[in-house]
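# Understanding the architecture of this molecule
Each chain is listed here by its residues.
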Amino acid sequence: MHSTRTTPARLVLTAALALITGALALTPHTATATEPRPTRERDTTGTAAVTPVSAAHRALAAPAPAFSAPLGYPRQQVLAPDPENPDDKSLRLGLVPYHAIAPKLNALQALGDRVSVEVAGRSAGGRRLYLVTVTAPETARQARDQERMRELIENAPAVAAKDPVLKSAYKTPVFFNSNIHGNEWEGTDASLKLIEQLATANDTRTRDLLAHSRLYFNITANPDGRIAGTRPNANGFDLNRDLVTASQPETRTLRQIEVDKQPAVMLDLHGYVNGTLIEPTTPPHGENYEYDLFLKNTYANALGMEAAVNGLGYTPGEDGVRPAQIPFRDQEEGWDDWPPIFTPQYAAFHGTVAAHTVEIPLQVNNAAYTGLPQSELRRRSAVNVAVAGAALRATLDFVRTRRTSLIADQIEVFRRGAAGAAQVPVSAQTVPGVPGIGPEDVYTTTFPRAYVLPAGTTATARLVDHLLANDVRVARAALPFRLAGRTYPRGSYVVDMRQPKRGLANALLADGRDISDKVSVMYDISGWSLGRLWGAEVVAVPGGSPAGLPLRPVTEAAPAGTVAARGDLRLRLDDPNAVAALNSLLREGIAVRRAADGSVIVPASARSRAAGLARTYDVPFTAAPVAPPTGTTPLHRVRVAAAVTPGELFALREMDFDVTPVSTAVLNAGFDWSSVDVLFVSTGLDRAALTGAARTALDTFLAGHGLVGRGATGAAVGTGAGLLEVTAVEGNEDANGVVRVVNSGPVTAGAPDHGFVYAPVWFTGLGPGVRVEQSYAAGNPLVSGHWRALADGSGGPAAAAGRPAVVSGPHAVLFGTEPLFRDHPKGEFAQVAQALITMGHASSGLVEESG
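Worth saying up front: this structure is predicted, and the values here are computed from it rather than measured.

The rules behind the values
Residues numbered from 1 in each chain as written. Predicted model: local features only at pLDDT ≥ 70, side-chain atom pairs only at ≥ 80, totals over all residues. Heavy atoms only, no water. Helix = DSSP H or I, 4+ residues; strand = E, 2+ residues; numbered from the N terminus. Rg over C-alpha atoms; globule rule 2.2 N^0.38 Å. Buried < 20%, exposed > 50% of the residue type's maximum accessible area, 1.4 Å probe, protein only. Contact = heavy atoms within 4.5 Å. Pairing = 2+ DSSP bridges. Axes fitted to C-alpha atoms, helices over the stretch in contact; angles between N-to-C directions. Salt bridge = Lys/Arg side-chain N within 4 Å of Asp/Glu carboxyl O. 1 Å grid on protein atoms, 1.4 Å probe; cavity = no way out; pocket = protein on both sides within 12 Å on 5 of 7 lines; lining within 4 Å. Points joined across faces, edges and corners; volume = space filled by probe spheres on them. Nonpolar A, V, L, I, M, F, W, Y, C, P; charged D, E, K, R; others polar. Polar contact = N/O pair within 3.5 Å; in protein donor to acceptor, adjacent residues only side chain to side chain. Parallel < 35°, antiparallel > 145°, perpendicular 65-115°, else oblique. Left-handed = near helix turned anticlockwise from the far one by under 90°. Core = buried A, V, L, I, M, F, W, Y, C linked by side-chain atoms within 4.5 Å. pLDDT = per-residue confidence, 0-100. Expected span 1.5 Å × (residues − 1).

Moving on to the overall build of the protein chain. Of the regular secondary structure elements, the protein chain holds 28 helices and 33 strands. Scaling as 2.2 N^0.38, a compact globule of 851 residues should have a C-alpha radius of gyration of about 29 Å, and the protein chain matches this with 27 Å. Its C-alpha atoms give the protein chain principal-axis dimensions of about 80 × 70 × 55 Å. Counting across all 851 residues of the protein chain, residues that qualify as buried make up 60%.

Structure representation (C-alpha cells):
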C-alpha cells in the first residue's frame, strides 16, 4: 500500500506552491524544499490568449510528418543555420539557444558515422524539429531488415515471439523527448552532451549498446517555447496535454515518431520537482494498457535512474538538491498516469514498456527566472543538466542489459491485443520485484469485441482518419451486414478490437469511467472520449465477431462531402468544418441566409463554390426545400472580440471566424468596438477592473450587440452588464470529464447529448426572458472523469443535476460547460458557433427571427 503520505495530495501541493513563492522572495539563492507543479493545468493569471493567427494557420495546414525510407545509417545532412537571436531565453541560463542547435548538430554528425539528423517536422512557429538517431552504421539492406522485424513485432507478434533472428538481431528502439514544455530547458542540453559522448566513445559498453539499439532524440519538442521561455508553443498549447487531440504540429510529429520508431523505452525530460521525480506514478493507472508489463519495466528503470541521480552526490545542504523520488513508491495520489494525454502514457499504447516523465530538481523558470541572479540560475541549470544526463545514461544501461526482455514484453503487448487476451492485473505475483502493490493499483477494463461507426458524416470521417493516424486499424463494409443483433449499412466502419493497438483504440472510443470515488484529486483531466465528444456515432459491440463480414481495410476515410445537383443548398452547422465552410462563403460575399432550425441556405448560383468547399471541408451541401423556408435571415461574416483561452482561440480560428484577441488591458487602452460584432469571454476580462470609460464602452456595445460567455468569468461580464438575470454557480473547480446533457434550445439544436466540463458551472435564479438552451442530465450527469462534491457537500454532480448548463437571452449566451476545451470536443464546437452567429446578428434581429 502507498502509505508514505497522510496529508491529502491537493493540500500538500498547494502548500508547496505557496512555499515556492515565499522562498523565491526571501532566500533567492537556495532551492525550496519541494517544487512540484500544480495538480491541474489552469489559468492562474487571468490572461487571455493573444497568439498570432499565423501560428494557428501553420498548425492547421501542417501536413503529417513522414520519415525517410530505410536508406541505411548514417543519414546525414548539413543544416542551414538559423539567425542568431539574442532574446532566446536559454541564453540567460547558460544553455544552448535554439539558433545554436543546427550548428551543433552539424558538428556532431561530422564526428563520425553514428549520428544522423532528420527534420521531423516544424513547430507552430515554423521552426525545425530535429530527430537525431544514434546507432552503429547500417547498410540499406540492414535497415530494411530492421523495418521488417519492427513490422513483424506489431503485425504478427505471435510469429515475432518465436523468431530467433529477431531475438538476436533486432535493435532496441529507445526514444528521448526533451523540452516539450518550452521553459523546462535542460533536457535538450543533456541530450546534446550525451550524443557527443556516444558519437566518439570506443569502449565495449558503448559499442555493444549501439550495435544492438537505435537511440532517437527529439532534441527540442517545443522550440517556440524554448526561445520565448514559455511552457506552451506559439499557439499557447501545452503540448503534453495534446496527445489525444493532436491539434498541434509538434504533437503530430511526436505521434509519428511513436508510430514509426515503436520505442520500447522512452524518457520525457521535464522540470522542476525537488527531489527529482521519476515515474511510475500514483493511482489511478491507465486501464487500457498492459500495466503489468509497463509497471515491471518502468519501476526497474526508475530504480536505476534514482541510483544514478543520487550518485551524483548533490545534497540539500550544499546544493539544494533533495534525493530522487518515485511516486508509485513514495506518494499516495496526485501524480497519476490515468489519461493518455501525456507523452509517456501515450507511448505505452505503441508498445513502450518502460516510459517515464522525469522532473529534474532545481527551478529556473517563471518567478525564479526573473527573481534570481544569473549566476544562481546558471548553477541550477548546470545541476539540472547533470541530473538529466544521469537519468539518460542510466536508461542506456538498463536498455543494454535488458534489451531481450524489453522486446519480448513489447511483443507480448501486441500479442495480447491481436489475440484478444485478457489483461493481467498487477499483484505481487504478476509483477515480482515491485514492492507495495495494492488493490488501489489494479485498473483493467473489458474490451468490446468491436466498434462500429456508421458512415456518412463529416464527424465520422474525421474520427476514422484520426484513428488511422494513431495506427489503429479500421475496415469498411462493402455490403450491409449484421453484427451482434444489429444491422448496419454499407460503408459503415468497423474497428475490430483484436488488433495490436487495441488499448489505444479503446482509449479513444470508449466512454471511459467515473473514477470520482477512487482518489481525491487528479493531476489533470479524467475523461476525453472521442466517441462521445467528436460528434460521430460510435457503437460498442460487446459480442459476436467481425470475422467473415464483407470488410476491407482502409487507409483513409471515404469523403463525406457532397453537393446536391440542383436548386438551392442547405448546410447544417453541426460540425466545425461546416462552420468554416459557411465563413468562407461569407468571406466571399455570397448571399447566405439562416433558417429557423439553425441551418443555412446557400443560393444555387454558388453551387460551384459549394462544390469546392465540400471537397476542402468534407461537408455535405444537401438540397434545400423547394419552397424557401420561412423566417430566414441574411447573414454576414461575424467578427469576434475574444478574451479566451488558447484552446478556444485556436478553435475559433479553426472554424475560420475573424477573431481579435482582447483583454482587460486592451479595453482599458481603448478598443474600437466598431470593428467587431460580438464579444466572447471566458478569461482575462474583468469588468470590475475596467476604467470607467472602458466599462461604459463595453456596456454600450453589449446593449446593441451581444455576448457569448463561458464559465464564471464570462457569466460575470454578462450579469454585470445586466444582459441576463441569472446566478452562475461554480462547482468543484477540480471537476472535469464527459457529462450527459439535455438540449432544449436553438443554440444547441442538434448538438450531441454529451458535453465536456472543466470546473463546471450551472445557472439558477433565471429571470424573465432567460431561456434554457441545455441542462445537465438528471441523476449523476458524469459519464467519465472525476467530479466530487466539496467538503461541505456543495459543488458536486448531484447539485448540478437537472440544472441549466447553457442559457440565453436577447443579447447573451452563457455556457457552464466547456465546449472548446483545448480544441478537443469537436462535436461541441457548433454550439459556440451558433451562439456567436446569433449574438453577432443581435442588432439585426436574428435572435427573435430564428427563435
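Time to look at helix H18 (residues 502–509). Three- or four-residue spacings in an α-helix give side chains the same orientation, since the helix completes a turn every 3.6 residues. Counting buried residues along H18, eight of its eight residues qualify, which places the element largely inside the surrounding structure. Within the span of H18, buried status applies to Arg502, Gly503, Leu504, Ala505, Asn506, Ala507, Leu508 and Leu509. Where H18 is buried, its residues contact helix H14 (343–348), helix H16 (374–419), strand E10 (450–453), helix H17 (458–469), strand E14 (493–496) and helix H19 (530–533).

Let's shift gears to the environment of Asn583. With respect to the secondary-structure elements, Asn583 resides in helix H20 (residues 576–587). Judged by its relative accessible area of 2%, Asn583 is buried. When the C-alpha positions of Asn583 and Pro553 are compared, they lie 35 Å apart, and in sequence the two are 30 residues distant.

Next up on the list: the sheet that holds strand E16 (residues 551–553). An order of E15-E10-E14-E11-E16 is seen for the five strands of this open sheet, with the pairing classed as antiparallel. Each of the sheet's edge strands pairs with one partner strand only, and the pair in question is strand E15 (539–541) and E16. Across the sheet, the axes of successive neighbouring strands diverge by a mean angle of 30°, strand direction being ignored. Helix-sheet contacts for H17 involve E10 and E14, and the interaxial angle to E10 is about 140°.

So, on to the pattern of salt bridges. Counting across every chain of the model gives 44 salt bridges. Residue Lys501 is joined to Asp471 by a salt bridge in which the shortest nitrogen-to-oxygen separation is 2.6 Å. Taken as a pair, Lys501 in the loop between E14 and H18 and Asp471 in the loop between H17 and strand E11 (475–477) lie far apart in primary sequence, 30 residues in all. Put simply, Asp656 and Arg637 hold a salt bridge, and the shortest N to O gap is 3.5 Å. Placement of the pair is Asp656 in the loop between helix H22 (646–654) and strand E23 (658–661) and Arg637 in the loop between strand E21 (633–634) and strand E22 (639–643), with a sequence separation of 19 residues.

In this section: empty space enclosed by the protein. Inspection of the entire model under this criterion finds eight cavities of 30 Å³ or more. By volume, the largest cavity is sized at about 120 Å³. Lining the largest cavity are 18 residues; nearest its centre among them are Glu287, Asn288, Ala507, Gly512 and Trp528. Residue classes in the lining of the largest cavity are distributed as eight nonpolar, seven polar and three charged.

What follows deals with the side chain of Arg710. Structurally, Arg710 can be placed in strand E25 (residues 707–710). A polar side-chain atom of Arg710 sits 2.9 Å from a polar atom in the side chain of Glu648.

Okay, the packing of helix H7 (residues 186–200) against H16 next. Look at H7 against H16: their axes get within 8 Å of each other, and the N-to-C directions meet at 55°. Taken together, the axes of H7 and H16 lie oblique to each other. Here H7 runs over H16; the crossing is right-handed. Contact residues: H7 offers Glu186, Asp189, Ala190, Ser191, Lys193, Leu194, Gln197 and Leu198, while H16 offers Ser381, Asn384, Val385, Ala388, Gly389, Leu392, Arg393 and Leu396. For the contact of H7 with H16, the residue count by class is seven nonpolar, five polar and four charged.

To continue, consider unusual backbone geometry. For the bond running from Gly271 to Tyr272, omega is 5°, close enough to zero to count as cis. Locating Tyr272 in the fold gives a position in the loop between strand E5 (265–271) and strand E6 (277–278). With omega at 5°, the peptide bond leading from Asn274 into Gly275 counts as cis. Mapping Gly275 onto the fold places it in the loop between E5 and E6. Positive phi values are uncommon outside glycine, yet Arg822 reaches one of about 50°. Along the polypeptide, Arg822 turns up in the loop between strand E33 (812–815) and helix H27 (829–840).

In this section: the layout of surface pockets. Reported here for the second largest pocket is a volume of approximately 1100 Å³. Forming the walls of the second largest pocket are 36 residues, and the residues nearest its centre are Leu60, Arg252, Arg462, Asn577 and Glu654. Of all the secondary-structure elements, those providing two or more residues to the lining of the second largest pocket are helix H2 (53–61), helix H10 (249–261), H17, H20, helix H21 (607–617) and H22. Sorting elements by how many residues they give to the lining of the second largest pocket places H17 first, with seven residues.

The next subject is the nonpolar core. Of all hydrophobic cores here, the largest spans 152 residues; its most connected members are Leu105, Phe217 and Val495. A per-element tally of this core places H16 first, with 17 residues. Apart from residues no more than four positions distant in its own chain, Val495 is found in contact with Ala450, Tyr451, Leu453, Leu467, Val472, Arg473, Val474, Ala505 and Leu509.

Turning our eyes to something else, we now look at the confidence of the model for the protein chain. Parts of the model with low pLDDT should not have their predicted coordinates read in detail. Predicted confidence across the protein chain gives a mean pLDDT of 93, with 93% of residues reaching 70 or more. For residues 1–41, every residue scores under 50 in pLDDT, and the model assigns this stretch 107 contacts once sequence neighbours within four places are set aside.

Taking 1.5 Å as the rise per residue, H20 with twelve residues should run 16 Å; its terminal C-alpha atoms sit 16 Å apart, in good agreement. Within H20, eleven of the twelve residues are buried, which leaves it mostly tucked inside the rest of the structure. Buried residues of H20: Pro576, Asn577, Ala578, Val579, Ala580, Ala581, Leu582, Asn583, Ser584, Leu585 and Leu586, and no others. As for H20, its buried residues are in contact with H17, strand E17 (569–571), strand E19 (600–602), H21, H22 and H27. The distance from a side-chain oxygen at the start of H20 to the backbone nitrogen of Asn577 is 2.8 Å, and the residue carrying that oxygen is Asp575. Positioned one or two residues after H20, Gly589 has a phi angle of 80°, which is positive.

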